[in-house]
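# Structural characterization, general
Below, each chain spelled out in residue letters.
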Amino acid sequence: MTPEPVLSVERLVIEVPRTGARVVDDVSLTVGPGEVLGLAGESGCGKTTLSLALLGYTRRGLAASSGRIRVGDRSLLEMDEDALEHERGSLVTYVPQDPASALNPALRVGTQLEEVISFHRRNEDRAGRRVLVTKVLEDVGLPTTRSLLESYPHQLSGGQQQRIAIAMAIVNRPRLIVMDEPTTGLDVTTQARVLQTIRDVCREHGGGVVYVTHDLAVVSSLAIRVAVMYAGRLAEVGPADQVLQRPAHPYVHGLLQAVPDIEGRRELTGIPGQAPDPGRRLEQCLFAPRCPLAVEECRQAIPPPVAVGEGHRAWCIRVAEQAGARVAAGPGVAPREVAAEGSGALLAIDDLDAGYGSRPVLHGISLSIPIGASLALVGESGSGKTTLARCIAGLHTGYTGTISLAGAQLARAARARPAAAREAIQYVFQNPYSSLNPRRSIEQSIAQPLHYTEEHPDRAEIDRRVSRALDSVSLSAAVRRRFPHELSGGQRQRVAIARALIVEPRLLVCDEVTSALDVSVQAVVIELLDELRRRRGLSMLFVTHNLALVHSVADEIAVIEEGRILERGPVERVLARPTSEATRALVANVPRLAPVASGAG
Amino acid sequence: MTAQRETAPPAPRRSRALWLDVLARTCRSRRGQVGLALVIPIMLIALLGPFVAPKSPTAFVGLPYAGPSSEAWLGTDGIGRDVLSRVLWGGREILALAVLATVIGIVVGTALGTTAGYVKGALDEAIMRTLDVALAFPQIILALLLVSIIGPELWLVCLAVAAIHAPQVARVARAATLRTVEQDHVKYAEAFGIPRRRVILGEVVPNIISPVMVETGLRLTYSIAIIASLSFLGFGLQPPSADWGLMVNENRIGIQQNPWPVVTPIVLIAILTVGVNMFSDAVARSALGIEAPIAPPSMSGSDDALGGAEHVATEVPAS
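Residues numbered from 1 in each chain as written. Chains lettered and ligands numbered in written order. Predicted model: local features only at pLDDT ≥ 70, side-chain atom pairs only at ≥ 80, totals over all residues.

Each helix and strand counted, chain A has 21 helices and 22 strands in total. Here the C-alpha radius of gyration of chain A, 26 Å, is about what a compact globule of 601 residues would show, namely 25 Å. If you line up chain A on its principal axes, its C-alpha atoms span 75 × 65 × 45 Å. Buried residues in chain A amount to 53% of all 601 residues. Considering only residue pairs separated by 6 or more positions, chain A has 69% of its internal contacts joining residues 24 or more positions apart. (Helix = DSSP H or I, 4+ residues; strand = E, 2+ residues; numbered from the N terminus. Rg over C-alpha atoms; globule rule 2.2 N^0.38 Å. Buried ≥ 20, exposed ≤ 12 C-beta atoms within 10 Å, placed from the backbone. Contact = placed C-beta atoms within 7 Å.)

Moving on, we get to the overall build of chain B. For chain B, the helix and strand inventory stands at 14 helices and zero strands. For chain B, the N- to C-terminal ordering of α and β elements is α-α-α-α-α-α-α-α-α-α-α-α-α-α. Across the 319 residues in chain B, those meeting the buried criterion constitute 47%. The contacts of chain B with a sequence gap of at least 6 include a subset with a gap of at least 24, amounting to 69%.

Another point: the pairing of strand β3 (residues 36–40) of chain A. Looking along a regular strand, one sees the side chains alternate between the two faces of the sheet. Residues and elements named next belong to chain A. With respect to burial, β3 is a largely interior element, five of its five residues being buried. One ladder, built from five bridges, connects β3 with strand β8 (residues 208–213); its direction is parallel. Counted as the bridge partner of Leu-37 is Val-210 from β8. Bridging between β3 and strand β9 (residues 225–230) involves four bridges; their strand directions are parallel. (Pairing = 2+ DSSP bridges.)

To continue, consider the environment of His-120 of chain A. Residues and elements named next belong to chain A. Following the sequence through the fold, His-120 ends up in helix α4 (residues 109–120). Counting along the chain gives 34 residues from His-120 to His-86, while the straight-line C-alpha distance between them is 7.1 Å. Discounting chain neighbours no more than four positions away, the residues touching His-120 are Gly-89, Ser-90 and Asn-172.

The next subject is helix α12 (residues 244–251) of chain B. A large share of α12 of chain B lies buried, amounting to seven of its eight residues. Within the span of α12 of chain B, buried status applies to Trp-244, Gly-245, Leu-246, Met-247, Val-248, Glu-250 and Asn-251 of chain B.

Moving on: the sheet that holds strand β1 (residues 7–16) of chain A. Residues and elements named next belong to chain A. With antiparallel pairing, four strands are arranged side by side in an open sheet as β2-β1-β4-β5. Every interior strand has two partners, whereas the edge strands, β2 (21–31) and β5 (74–75), have only one. Inspection of the sheet shows β1 paired to β2 by seven bridges, in the antiparallel sense. Considered in β2, the bridge of Leu-7 is made with Val-31.

With that settled, consider unusual backbone geometry. Residue Pro-240 of chain B is bonded to the preceding Pro-239 of chain B through a cis peptide linkage, with omega at 10°. Here Pro-240 of chain B shows up in the loop between α11 (209–232) and α12. In this structure, Arg-173 of chain A takes a positive phi of about 50° despite not being glycine.

Attention shifts here to the sheet that holds strand β6 (residues 92–95) of chain A. All names here are of chain A. Strands sit in the order β6-β7-β8-β3-β9-β10-β12-β11 across an open sheet of eight strands; the sheet is mixed. If you trace the sheet from one side to the other, it starts and ends with β6 and β11 (306–309), each paired once. Direction aside, the axes of adjacent strands within the sheet are offset by 20° on average. Relative to β8, strand β7 (residues 176–180) runs parallel, the two sharing five bridges. Across the sheet, residue Ile-177 finds its bridge partner in β8, namely Val-209. (Axes fitted to C-alpha atoms, helices over the stretch in contact; angles between N-to-C directions.)

This next bit is on the packing of helix α17 (residues 489–501) of chain A against helix α18 (residues 519–536) of chain A. All names here are of chain A. Relative to each other, α17 and α18 sit at 20°, their axes nearing to 9 Å. With respect to their mutual orientation, α17 and α18 come out roughly parallel. The crossing of α17 and α18 is right-handed. Contact residues: α17 offers Gly-489, Gly-490, Gln-493, Arg-494 and Ile-497, while α18 offers Val-521, Val-524, Val-525 and Leu-528. A breakdown of the residues in the contact of α17 with α18 according to their chemical character gives five nonpolar, three polar and one charged. (Parallel < 35°, antiparallel > 145°, perpendicular 65-115°, else oblique. Left-handed = near helix turned anticlockwise from the far one by under 90°. Nonpolar A, V, L, I, M, F, W, Y, C, P; charged D, E, K, R; others polar.)

Residue and element names in this part refer to chain B. Overall, the prediction assigns chain B a mean pLDDT of 80, with 85% of residues at 70 or greater. Considering each helix and strand of chain B separately, the mean pLDDT is smallest for helix α14 (residues 309–318), with a value of 33, and largest for helix α5 (residues 92–119), with 92. Ignoring residues within four places in sequence, the model shows residues 1–15, a span with pLDDT below 50, making 23 contacts including any to other chains. For the stretch residues 291–319, pLDDT sits under 50, and the model shows 64 contacts to residues farther than four places along the chain or on other chains. Model confidence for the complex: the whole-complex pTM is 0.75, and ipTM, which rates the interface, is 0.72. (pLDDT = per-residue confidence, 0-100.)

What follows concerns the nonpolar core. One finds Val-509 and Leu-541 of chain A together with Ile-227 of chain B to be the most contacted residues of the largest nonpolar core, which totals 269 residues. A per-element tally of this core places helix α8 (residues 154–180) of chain B first, with 13 residues. Not counting residues up to four positions away in its chain, the partners in contact with Ile-227 of chain B are Ile-94, Leu-97, Ala-98, Ala-101, Val-157, Val-161 and Gly-236 of chain B. (Core = buried A, V, L, I, M, F, W, Y, C linked by C-beta atoms within 7 Å.)

Turning next to the environment of Glu-71 of chain B. Residues and elements named next belong to chain B. Within the secondary structure, Glu-71 is located in the loop between α3 (30–52) and α4 (83–89). Spatially, the C-alpha atom of Glu-71 lies 8.8 Å from that of Asp-82, the residues being eleven residues apart in sequence. The contact partners of Glu-71, leaving out residues within four places of it in the chain, are Val-61 and Gly-62.

Quick look at helix α5 (residues 126–139) of chain A now. All names here are of chain A. The terminal C-alpha atoms of α5, which comprises 14 residues, lie 20 Å apart, in line with the 20 Å expected from a rise of 1.5 Å per residue. Those residues of α5 that sit buried are Val-133, Val-136, Leu-137 and Asp-139. Down the axis of α5, the sector holding all buried residues measures 150°, keeping them to one side. Seen from the open side of α5, the exposed residues pointing more than 90 degrees away from its buried face are Ala-127, Val-131, Thr-134 and Lys-135. (Expected span 1.5 Å × (residues − 1). Arc of directions from axis to C-beta.)

Take the environment of Phe-235 of chain B next. All names here are of chain B. Looking at the secondary structure, you find Phe-235 in the loop between α11 and α12. Using a count of 24 C-beta atoms within 10 Å as the deciding quantity, one classes Phe-235 as buried. On a C-alpha basis, the gap between Phe-235 and Val-157 in space is 7.7 Å, while along the polypeptide they are 78 residues apart.

Let us look at the pairing of β2 of chain A. Most of β2 of chain A sits out of view: eight of its eleven residues are buried. Turn length for the β1 of chain A-β2 of chain A hairpin, with the two strands adjacent in sequence and antiparallel, is four residues, and the turn residue Gly-20 of chain A shows positive phi of about 75°.

Attention now moves to the confidence of the model for chain A. Detailed reading of predicted coordinates is not advised where the pLDDT is low. Residues and elements named next belong to chain A. With 91% of its residues at a pLDDT of 70 or more, chain A has an overall mean of 83. Here residues 327–331 is a poorly scored stretch, pLDDT under 50, and it has nine contacts once near neighbours within four places are set aside; other chains count. With pLDDT under 50 throughout, residues 595–601 is counted as low confidence; its partners more than four residues away or in other chains account for 13 contacts.

Shown next, in the form of structure tokens:
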């Protein structure tokens, strides 16, 4: 019924030969001509390993131990290194996530493009190569001028670099393009154009695309079919609209619930627990420990694929139970009460200018956060939002203007501030991998600030407060003796929050606290922060680039661009009726979980 | 079976101090074992030798440069003392001085390097440029200069060798510190106003311990070589004390009559140096191996293409 697939993966197993631990376990997939397959999953689920295997590559320490990968009529796993080298770049191509590291910084981009052509098409002469280069640059929406071709990668913007990388991937008209979240750094119009180009190239030459991503919202905007992986195995494969609207696997359902929605139509819910260690081999459904629908049978055997529709399969024996549930529109997020004006400002920033050396970053910032209120500071990277957060925390001292806490002006450097002020403002960092000292146990990390407070609590008191802090972030006492590397990203971030809470702060400065986390974990952390705020009457400054999250955490929003506050107001108002162009662009930039009917066109 | 594991992450494997892990891993590696096999006998000779020496190291037991006999297994030296006994006595100082000089050099160098790297600015420049000047002198000549001015005192030899090490150690420690201070846990400590000294001791030093350990092994090798050279040149222990370096010097004219008083100390010093070097190399390798999975992964939400590779490759077999 269907034409010969471009890519077919059959029962592929990739494992660590020494231990037999499976990173990719029994995965079968096909991609038809002109098709875009979205390969989604959270970090550690094996999607990157799988996508690299499609190029015939496995990382050191891993090996494809059984199964087949066929691209067109070639079987990649049976080829030797020399043959693979020839096929990579012409039969299969790869677009990496970070364009800056994909391009050789020492060569002009024109040279690099021609290199790709001449390596695979030896009989093409210089003029012929030039024609191809010009054509492909038009395809990806770049100017075909000499000056572009003669520039070095660092002279181009991130978006331009990414487009060059994509041009390199499509110039030889490959059968299969593997893309590792390549459009995340592009603006919407470019993104749309690049994706259209990719689809066109696919259709013209009957090629296929595997698009790897952790963001289901992105998948919904471009993929025709979706494959969701969990812990090395496939969870669900099917047409994008079906999978995203009527997920058959409880994991996919949970994942969709965890995707923040800019319109705030849904309450954010995370998936409790965490994914099993990569490579744990159990003869059971790996999602069962976290699954709300799990029954004893789920723990008896690996679930077989169950057909739930045309080309739609889920590896779950409970699909019938799941079928009833839809991604609920739900009651939506209740509109927040904006703290009354009269309650007074906890934090007031007045006419703040900041910079690094002679480079100005922030201009005339004036903001205030009322007691018990939560302000989201939203802006793109480089807009100065983190600098502002650091000024507040006393980590960045190069500013003029004043920051005052409850009416008292704060010294610039944290060390010059009174202990009470340092305790009142607690900073939670973006990256939980680096904000905890790897040489300290969780207990020691959480207790650390207590040793430097005025009161000097004794051992028993410290112990009691650590327990309470762990409790308030829903971590079991079992983690106390653990070290950070033994915890998952979400757990680490909760430890960091517990450390902040232990000194009873009044203001929590959260700097992109969820950007290093997976969606399902992000939702859990956001829920936690919101609950803490309500229960403890904490004020919060929530710094983020992700507008979709704002609904769930903040009642007011301040949009910052190029170091200036563009607009500020209640979340609902700003998102619904942005007054500035930049806010409108930011709002439009947010990927949405929308029906994908148009994507197939 | 998974039910009770669900709440708790994988059982703690590496809850010991990092340096213990590195050492344990080193001792399991082939290279480390060979290194130890070379070093331990020499250490035993140096430390226990005096207790088992058949004769006094300063007693005259025969004619000068007599060959090996049942009376003196390695023969006698230039003034008729028992070579075996002198060898057994002569390793103590060299070993003690080398270890002491290394420890002082490491401590001082680490203190300077972490301070420079953490405080940055003018103090950093001042410390590092001063150390650069010290580095510009040929090391052994510097030590010789000091010792020849002040005199052959053991404490001075020790300090001179430590002073040779400190600048190099400081550079290593500073480089590692610069990486560590960028970590958010250091920023957290600063934001909480924790005193600088405590930040260095609590946040920085524990995280630069592996490069410092590697450096320690390397420095110990150099210490042995330098101290042996100094005592060969007559700036270490003075006659009639027994000392390996000194023995080589005293007896080199009689090498044709009885080579043992020269060859034995040389061989022992060589084995010790090679062994320590191998061991420290093994330490370096295991420190790298242990460090990798702890290093923070990329900041992005998804696992990046190759950066995450080492994680799977190294973490999985360990579990």
